[in-house]
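The primary structure of each chain is shown beneath.
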Amino acid sequence: MNGINMEHSSDLVYEGKHIGEHSYDQRSKKYREIELEGGKIDFFDPKGKVIHETKKSNAFEKAHIAQVKYYQYLLDKNGVQNATGIIEYPKQKKVLKLPALTENDFEEIQVWTERVEHIGQSQEMPPKKNKPSKCRNCSYFDFCWVEETE
Ligand code: SF4
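Residues numbered from 1 in each chain as written. Predicted model: local features only at pLDDT ≥ 70, side-chain atom pairs only at ≥ 80, totals over all residues. Heavy atoms only, no water.

A. Fine view of the pairing of strand E2 (residues 39-45). Among the seven residues in E2, five count as buried, and that is most of the element. Where E2 meets strand E3 (residues 50-54), two bridges bridge the pair, whose relative direction is antiparallel. Residue Asp45 lies in a different strand from E3, and its bridge partner there is Val50. Here E2 folds back onto E3 in antiparallel fashion, the turn holding four residues, of which Lys49 has a positive phi close to 55°. (Buried < 20%, exposed > 50% of the residue type's maximum accessible area, 1.4 Å probe, protein only. Helix = DSSP H or I, 4+ residues; strand = E, 2+ residues; numbered from the N terminus. Pairing = 2+ DSSP bridges.)

B. Geometry of the site of the ligand. In the neighbourhood of the ligand, the contacting residues comprise Lys129, Cys135, Cys138, Phe141, Cys144 and Trp145. Broken down by element, the shell around the ligand gets its largest block of residues, three residues, from helix H5 (residues 141-145). Across the shell around the ligand, the residue classes break down as five nonpolar, no polar and one charged. (Near = heavy atom within 4 Å. Nonpolar A, V, L, I, M, F, W, Y, C, P; charged D, E, K, R; others polar.)

C. Molecular detail of a nonpolar patch on the surface. On the surface, Ile4, Tyr140 and Phe143 cluster together into a nonpolar patch covering about 300 Å² of accessible area. Structurally, Phe143 can be placed in helix H5. (Patch = residues over 30% accessible without salt bridge, like charges linked within 9 Å, V, L, I, M, F, W, Y side chains within 5 Å. Areas by Shrake-Rupley, 256 points an atom, 1.4 Å probe, with all protein chains shown as cover. Salt bridge = Lys/Arg side-chain N within 4 Å of Asp/Glu carboxyl O.)

Here it is as structure tokens:
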């Protein structure tokens, strides 16, 4: 919300992008990188209206689905209706297909965005949640965990 984006300096994001670009070379040509207000989609097939995400993770995570659903939502807001998604896990050779958003999805995403806006407008930061498995690899680690010394 304040225009701070740490992803360019994240080794993990770079590694994820590298996996995305090189795991499925033969498919990469039909995808475009597109930048929308509110997010950047690294791999979008405009012809088939498919968002493609590649994850290095060993685990299927709710956050991966939420990320792609949010991209679908952004596309809809920008006039591209009924986009679908594919999340690939090359290490596990698994593929997750996401259908077009339903009315329920739109309502759920609206709640997410309202919660984010509420946090952004608050004077107080919400308390940190100590989740070492998440924080260790997060682009925002320094903001959350480095403290000033006297
Ligand atoms: S470092 Fe941890 S608490 Fe901070 S944004 Fe990342 S995941 Fe959240």
